[in-house]
Amino acid sequence: MIIVLKRHASETDIATVSDLVCTLRYQPRIIRGVEQTVIACIGDELSNRSLEVLRNLSAVESVFPVQKKFKLVSREYHPSDSVVNVKGTLIGGGNIQVIAGPCAIESYDQFRTSVTDLTRCGVKIIRAMPFKPRTSPYDFQGLKLDGVKIMRDIKTEFDVAMISEVPGPAQIEILRDVTDMFQIGARNAQNYDLLEHLAHAGKPVLLKRGMASTIEEWLTAAEYLVVNGCPQVVLCERGLRSFDKATRNLLDIGAVAVARQLSHLPVMVDPSHAAGTCSLVPALARAGLAAGADGLIVEAHPDPVNAYSDAAQQIESSKFGGFMKELEPWIALAHDLRKHEAT
Ligand code: PEP
Ligand code: MN
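Residues numbered from 1 in each chain as written. Chains lettered and ligands numbered in written order. Predicted model: local features only at pLDDT ≥ 70, side-chain atom pairs only at ≥ 80, totals over all residues. Heavy atoms only, no water.

Q: What am I meant to see in the nonpolar core here?
A: In globular proteins that are soluble, nonpolar side chains generally tend to be buried together. Within the largest apolar cluster, 76 residues are counted, with the highest numbers of intra-cluster contacts made by Phe 111, Leu 198, Leu 207, Leu 225, Leu 235, Phe 320 and Phe 323. A total of eight residues in this core trace back to one element, the largest contributor, which is helix α6 (residues 215–227). Taken together, domain 1 (2–64) and domain 2 (84–342) each give at least three residues to this core, which thus spans both. Ignoring sequence-local partners within four residues, the contact set of Leu 207 consists of Ile 184, Ala 189, Leu 195, Trp 218, Ala 221, Ala 222, Leu 225, Val 233, Val 234, Leu 235 and Cys 236. Residues Ile 3, Leu 5, Leu 24 and Tyr 26 belong to the second largest nonpolar core, which totals 15 residues. (Core = buried A, V, L, I, M, F, W, Y, C linked by side-chain atoms within 4.5 Å. Buried < 20%, exposed > 50% of the residue type's maximum accessible area, 1.4 Å probe, protein only. Helix = DSSP H or I, 4+ residues; strand = E, 2+ residues; numbered from the N terminus. Domains from an automatic or database assignment. Contact = heavy atoms within 4.5 Å.)

So this is what it looks like as C-alpha cells:
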C-alpha cells in the first residue's frame, strides 16, 4: 500500500500518518520527494488491517493498494517515465544515452585513451571499472585502489561522468566521491544487503538483471533501492544464462518491453555482455533500441585483443565513432517511439 501525502505536509502530519500506519500493523517507510512525501507501507495486505481509513486524514492525498511485490517502481505508482540524472546527463523520458568504456581500468594510458576516443564520439558517461567481480578468483580482479586513483586523475582532465561497479558494501565509500553512478552487476543483482547499503549513498544506480532473475525479481531488487531512499535507478538487461552458447548470454528483448510496461524506471541494454563477441554487438544494440530501451551500455577498449578481461566483445575505441554513426537511425527511431508513446 502506498500513501501519498499532500504537498508540503508538515513533519507533524508525517508523524501522525506513520503512527497510524504502525497501529494498523504495517511498517512505514518515509520517502521524501522535493515537493511531496510518500509513505510506503510494508506488510501483508491480506492479513493486516485496511489502510483505507487513512484516506480521511487531512494530510493524505491518496492511498492505493499495489498488489505486486514491487510498488514504488511500478507504473501504477508513477505512470510517467522517470528521468535519471547522472551529473547533468539525463537517461529516460525520451533521453537516450550510450554509456561506453572498457570492461576494466587496466592502466592510466589505457583508460585515458579510452576516455579520449569515446568522449570524442559524444559519449557522456564512461564505464570506469576499478573493481571487477569475476566468476573465477584466478581472473583479473581489477586494479582496485590503483584504478580509483586513475579515475581521479582522469577526472581532473575530462569533464565526463563515470559509472563504476560496486562489488560489496566496503567499496561504496571508496567510490562515492569519484564515481557519478554505481553499477550493480549481474552477480550481485539479488544481494539485498548491498542494495540497502547502496541506497543510502545518494547516487544514481544502474541495476543489471541477474543472469537467472525473473523480471519480477529484477524489479523487486530495484524496489530495495527505491524504498531505501534511492529513486534514481536505471534497469539494465544484459542477457540470461541459456542452453545455447552461440551468444554469451541470451538477450531478453521481450524483457525490455515488459520492464517498460511494468515500471517507470528507464531501461538500458548491455549488448556487449549478451553478445560475447564484438561482431554481434551492433545487431543487439539496434534490437535493444527498437524494443524501447532508453539507451545502451557498451564495452570499448583501445586494444581489445590485449584486454585483460572480455577481450572478444570489446569494440576498438578508435572505431567507436563508426559504431555510433551506424546507430544514429536507431537512436532517432527510439526518440520517435517515445514521442509516439507520449501522444
Ligand atoms: C560489467 O558490466 O562489467 C559486467 C561484469 O557485467 P555483468 O554484471 O552484466 O556480467
Ligand atoms: Mn566485461
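Q: Help me understand helix α9 (residues 281–290) in this model?
A: Every α-helical turn comprises 3.6 residues, leaving residues that sit three or four positions apart pointing alike. Among all positions in α9, only Val 281, Pro 282, Leu 284, Ala 285, Gly 288 and Leu 289 are buried. Buried residues of α9, viewed axially, fall in a sector of 165°; they line one side. (Arc of directions from axis to C-beta.)

Q: Sorry if this is basic, but what is going on with the domain arrangement of the protein here?
A: A common way to state how big an interface is: give the accessible area lost once the parts meet. Looking at the assigned domains, one finds that the protein contains domain 1 (2–64) and domain 2 (84–342). Distance between the C-alpha centres of domain 1 and domain 2: 35 Å.

Q: So what exactly am I meant to see when it comes to the site of ligand 1 here?
A: Taken together, Arg 127, Lys 132, Glu 165, Gln 183, Gly 185, Ala 186, Arg 187, Lys 208, Arg 238 and His 273 make up all the residues around ligand 1. Within the side chain of Lys 132, one N or O atom sits 2.7 Å away from an oxygen atom of ligand 1. Within the contact set of ligand 1, an oxygen atom lies 2.7 Å away from a backbone nitrogen or oxygen of Ala 186. Burial of ligand 1 by the protein chains amounts to 97% of its free accessible area of 300 Å². Residue classes in the shell around ligand 1 are distributed as one nonpolar, three polar and six charged. (Near = heavy atom within 4 Å. Polar contact = N/O pair within 3.5 Å; in protein donor to acceptor, adjacent residues only side chain to side chain. Areas by Shrake-Rupley, 256 points an atom, 1.4 Å probe, with all protein chains shown as cover. Nonpolar A, V, L, I, M, F, W, Y, C, P; charged D, E, K, R; others polar.)

Q: Would you take a moment to explain the coordination of the manganese ion (ligand 2) for this structure?
A: Between any two of four tetrahedral donors, the ideal angle at the metal is 109.5 degrees; between two of six octahedral donors, it is 90 or 180 degrees. Taken together, the protein ligands of the manganese ion (ligand 2) are Cys 103 (SG), His 273 (NE2), Glu 299 (OE) and Asp 310 (OD), with distances of 2.0 to 2.4 Å. For His 273, a relative accessible area of 9% corresponds to the buried category. (Donors = N, O, S within 2.8 Å, 3.2 Å for Na, K, Ca; no water.)

Q: What should I look at first to understand the packing of aromatic side chains in this one?
A: Any aromatic ring pair is given by two values, namely how distant the centres are and how the planes are angled relative to each other. For the coordinates displayed, the defined rule picks out three aromatic pairs. Measuring from centroid to centroid gives 4.4 Å for Tyr 192 and Tyr 224, while their planes differ by 20°, and the two rings are stacked. With a gap of 32 residues between them, Tyr 192 in helix α5 (residues 192–199) and Tyr 224 in helix α6 connect regions that are remote in the sequence. Summarising the aromatic geometry, the rings of Phe 320 and Phe 323 are spaced 5.0 Å apart at their centres and angled 45° between planes, so their arrangement reads as tilted. Separated by three residues within a single helix, Phe 320 and Phe 323 lie in helix α10 (residues 320–342), roughly one turn from each other. (Phe/Tyr/Trp six-rings, centres within 6.5 Å; stacked < 30°, edge-to-face > 60°.)

Q: Help me out: how do you make sense of the sheet that holds strand β3 (residues 37–42) in this one?
A: In sheet architecture, strand pairing relies on hydrogen bonds along the backbone and comes in two forms, parallel and antiparallel. Pairing is antiparallel across the open sheet formed by four strands, whose spatial order is β2-β3-β1-β4. Each edge of the open sheet carries a strand with a single partner, namely β2 (27–32) and β4 (60–64). Geometrically, the sheet is characterised by an average inter-axis angle of 20° between neighbouring strands, direction not taken into account. Note: β2 against β3, six bridges, orientation antiparallel. Of the residues in β3, the one forming a bridge with Ile 31 is Val 38. (Pairing = 2+ DSSP bridges. Axes fitted to C-alpha atoms, helices over the stretch in contact; angles between N-to-C directions.)

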